[in-house]
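Residue-level structure breakdown
The primary structure of each chain is shown beneath.
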Amino acid sequence: MKRLTTLLLGVVLVLPAFAQQVVTYPAIPDMKTSADYTLTASGHAVWVEQVGPDGMEGLHVANFSCEGPQTIVIETPDPVKDYTIQPASAGIKASVKKNRLTFKIDGPRKLYIRINGKPYLALFANPLEKDVPAPGTPGVRYFGPGVHDAGRMVLEDNMTVYIAGGALVNGNFSGTGKNVRIIGRGSLGGNLSVNGCENLTVEGIFMRSTRGWTNTVTNSVNTVYRNVKVFSHTGTWGLDGINPVSSKGFLIEDCFIRTRDDCIAVKANGNPDNFDLSCRDVTVRGCLLVGWDHADGMTLGFELNGGIVENIRMVDCDILRARGSGRTGGHAAFSIVCDGPSEVRNITFEDIRVESDIEYKNLEIILTEGERYGNGRMGSVKGVLLKNVRWANDRKPFALIGHPTKFVEDITFDNCYVGGKRLTGLQDADFQAEYVKGLTFIPGGPAVVERHPAEPPAGRVPGQRNFQ
């Protein structure tokens, strides 16, 4: 091991080049311990919780913090016959000995693991916490280990909510505060819905929800979600993960989201008499997204009911699953669904890796007549860059659909692959394209969408297709 030598006031300190640490958290009282998995990190036992119901709908979670490389050992009741460790981009290989699976991680990261066809295990290896507030600190609502029934908590200016590892806070957060932080390594059993916040930070916590959009941030400025874990289960519709709604300046970074409905949904919605519906400058970076049932990994839409939606970037993310039917013929790995009068422009999807568990579509960019969820008025979609995107499933289509009265414009595929094959034109994949202009492939050049029927086929609403 390399070592660092420091001369300080005549004393030579010999320090390791990296400090290997593991911080574990106590089991939450009355919560269910997994019967399928036990786990250690560099020899430290980590509690594995079963969250949600039995079977595949539930999620088993190992939550700890660490610094430096770690050896992870997972044990199961039966011999390990098969396993998957996602995302595939992590390139993690494990060794198997009887009922034990062993592998190494280079430090904090999130993994999604399945062994012997059992429900999934989510590994949340968090970074070590910094600047942890002490109980009783002015302006801090502190929740230590254990279960807390908080009810409805109103967020106020300059407020910090700290949820310690081993704590579960049952309640819902709302408010309009400025300079608010919700941080820690514990869990929130409930939802967050705020309107008009400024400088909101949500960091480190694990959110579990069974009702409605888990995080609804409306008409807010300078919002950060970092290292947040979101799991919604049991219901069907409306169980989104994180929804920036008509907000400006929004970062979603290093998050794990597995939800029954869309993992991340950017929207422009509300009463235009009260605030500007525009949503702009949203970045989603380094996230692991699992669209469990009726879900995209990320979508812009449906509710794009006014204003400008621009400068939206999704960068360096892994999408593991997208499932479920819907009002445009099925969910996609990621999408733009403009079903209202918003102007959608300058959208970037870059360095995205889409794995094979895609039920209906690899990609959807669609401009509707505005009557699915909207107000019957049409918007526009112009300027979408897809760069260094890889789709593993070459059997699912790419839906690029405008409207007979207004085309989707200026879509560029730059160094993109499907099933290992580079996209150079419409012939390289199953493109369902109509009412599109300015479609370009790099390499490959402009592509001509030949089919622009004057009227849609009988019995079909323009812009609605069934890709089953």
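Reading guide: rules and limits
- Residues numbered from 1 in each chain as written.
- Predicted model: local features only at pLDDT ≥ 70, side-chain atom pairs only at ≥ 80, totals over all residues.
- Heavy atoms only, no water.
- Helix = DSSP H or I, 4+ residues; strand = E, 2+ residues; numbered from the N terminus.
- Buried < 20%, exposed > 50% of the residue type's maximum accessible area, 1.4 Å probe, protein only.
- Contact = heavy atoms within 4.5 Å.
- Lys, Arg positive; Asp, Glu negative; His and termini not counted.
- Charge placed at Lys NZ, Arg CZ, Asp CG, Glu CD.
- Pairing = 2+ DSSP bridges.
- Axes fitted to C-alpha atoms, helices over the stretch in contact; angles between N-to-C directions.
- Polar contact = N/O pair within 3.5 Å; in protein donor to acceptor, adjacent residues only side chain to side chain.
- Phe/Tyr/Trp six-rings, centres within 6.5 Å; stacked < 30°, edge-to-face > 60°.
- Lys NZ or Arg CZ within 6 Å of the ring centre and 35° of its normal.
- Core = buried A, V, L, I, M, F, W, Y, C linked by side-chain atoms within 4.5 Å.
- Salt bridge = Lys/Arg side-chain N within 4 Å of Asp/Glu carboxyl O.

So, on to the overall build of the protein chain. When you go through the protein chain residue by residue, the secondary structure sums to 0 helices and 46 strands. With respect to the three principal axes, the spread of C-alpha positions in the protein chain is 80 × 55 × 50 Å. Within the protein chain, buried positions represent 55% of all 468 residues. Long-range pairs, those at least 24 residues apart, make up 64% of the contacts in the protein chain between residues at least 6 apart in sequence. Of the charged side chains in the protein chain, 50 are positive and 50 negative; the average position of the first set lies 5 Å away from that of the second.

With respect to topology, 5 strands assemble into an open sheet ordered E6-E5-E9-E12-E11, the strand pairing being antiparallel. Pairing within the sheet leaves two strands with one partner each, and these edge strands are strand E6 (44–46) and strand E11 (95–97). Within this sheet the neighbouring strands show an average axis-to-axis angle of 25°, counted without direction. As defined by bridge partners, strand E5 (residues 38–41) adjoins E6 across 3 bridges and the pair is classed as antiparallel. Its bridge partner being in E6, Ala 41 is matched across the sheet by His 44.

If you trace the backbone, His 331 turns up in the loop between strand E34 (308–322) and strand E35 (332–338). The buried category is assigned to His 331, whose relative accessible area is 12%. Of the polar contacts made by the side chain of His 331, one reaches the side chain of Asp 296; its length is 2.7 Å. Ignoring anything within four residues of it in the chain, the contact list for His 331 reads Asp 261, Asp 262, His 294, Ala 295, Asp 296, Arg 323, Gly 324, Ser 325, Tyr 360 and Lys 361.

On to the environment of Thr 405. Note on placement: Thr 405 falls in the loop between strand E40 (398–401) and strand E41 (408–414). In sequence terms Thr 405 and Glu 369 are 36 residues apart; their C-alpha atoms lie 9.3 Å from each other. For Thr 405, the side chain forms a polar contact with the side chain of His 403, separated by 2.9 Å.

A few words now on the packing of aromatic side chains. Taken as a whole and judged by the stated rule, the model has 16 aromatic pairs. With a centroid separation of 5.1 Å and 35° between ring planes, the pair formed by Tyr 142 and Tyr 162 is classed as tilted. A residue pair is termed long-range when its members are at least 10 positions apart, and Tyr 142 in strand E15 (residues 140–143) and Tyr 162 in strand E17 (residues 160–163) qualify at 20 residues. Of the residues examined, Tyr 162 reaches a relative accessible area of 4% and is grouped as buried. A ring pair is formed by Phe 431 and Phe 441, whose centres lie 5.6 Å apart and whose planes are at 90°; its orientation type is edge-to-face. Remark: Phe 441 occurs in strand E45 (residues 436–442) and Phe 431 occurs in strand E44 (residues 431–434); sequence separation between them is 10 residues. The same class applies to Phe 431 as to Phe 441, namely buried. The positively charged end of Arg 258 is found above the aromatic ring belonging to Trp 292, 3.7 Å away from the centroid. Positioned above the aromatic ring of Trp 292 is the side chain of Arg 321, whose terminal nitrogen or guanidinium carbon lies 4.2 Å from the ring centre.

Moving on: the nonpolar core. Phe 334, Leu 386, Trp 391 and Phe 413 are the most contacted members of the largest nonpolar core, which has 81 residues in total. Once residues within four sequence positions are removed from consideration, Trp 391 is found in contact with Phe 334, Val 354, Asn 362, Leu 363, Leu 386, Phe 398, Phe 413, Cys 416, Tyr 417, Val 418, Gly 419 and Leu 423. Leu 39, Ile 105, Leu 111 and Ile 113 belong to the second largest nonpolar core, which has 23 residues in total.

Once that is clear, we can look at the pattern of salt bridges. For the structure on display, the rule yields 24 salt bridges. For the salt bridge of Arg 353 with Asp 316, the shortest nitrogen-to-oxygen distance reads 2.8 Å. With Arg 353 in strand E36 (residues 343–358) and Asp 316 in strand E34, this residue pair connects regions lying 37 residues apart in the sequence. The partly exposed category is assigned to Arg 353, whose relative accessible area is 23%.

Next up on the list: the side chain of Glu 49. Structurally, Glu 49 can be placed in strand E7 (residues 48–51). Within polar-contact distance, the side chain of Glu 49 engages the side chain of Arg 208 at 3.0 Å.

Moving on to unusual backbone geometry. Pro 87 follows Gln 86 through a cis peptide bond whose omega is 5°. Mapped onto the elements of the fold, Pro 87 is located in the loop between strand E10 (83–86) and E11. Omega for the bond connecting Ile 442 with Pro 443 falls within 30 degrees of zero, at -5°, which places this linkage in the cis form. Looking at the secondary structure, you find Pro 443 in the loop between E45 and strand E46 (445–447). With phi around 55°, Asp 131 is a residue other than glycine that occupies positive phi space. Within the secondary structure, Asp 131 sits in the loop between strand E14 (121–127) and E15. You will see that Asn 158, though not glycine, has its phi angle at about 60°, which is positive. Turning to its location among the elements, Asn 158 is positioned in the loop between strand E16 (146–155) and E17.

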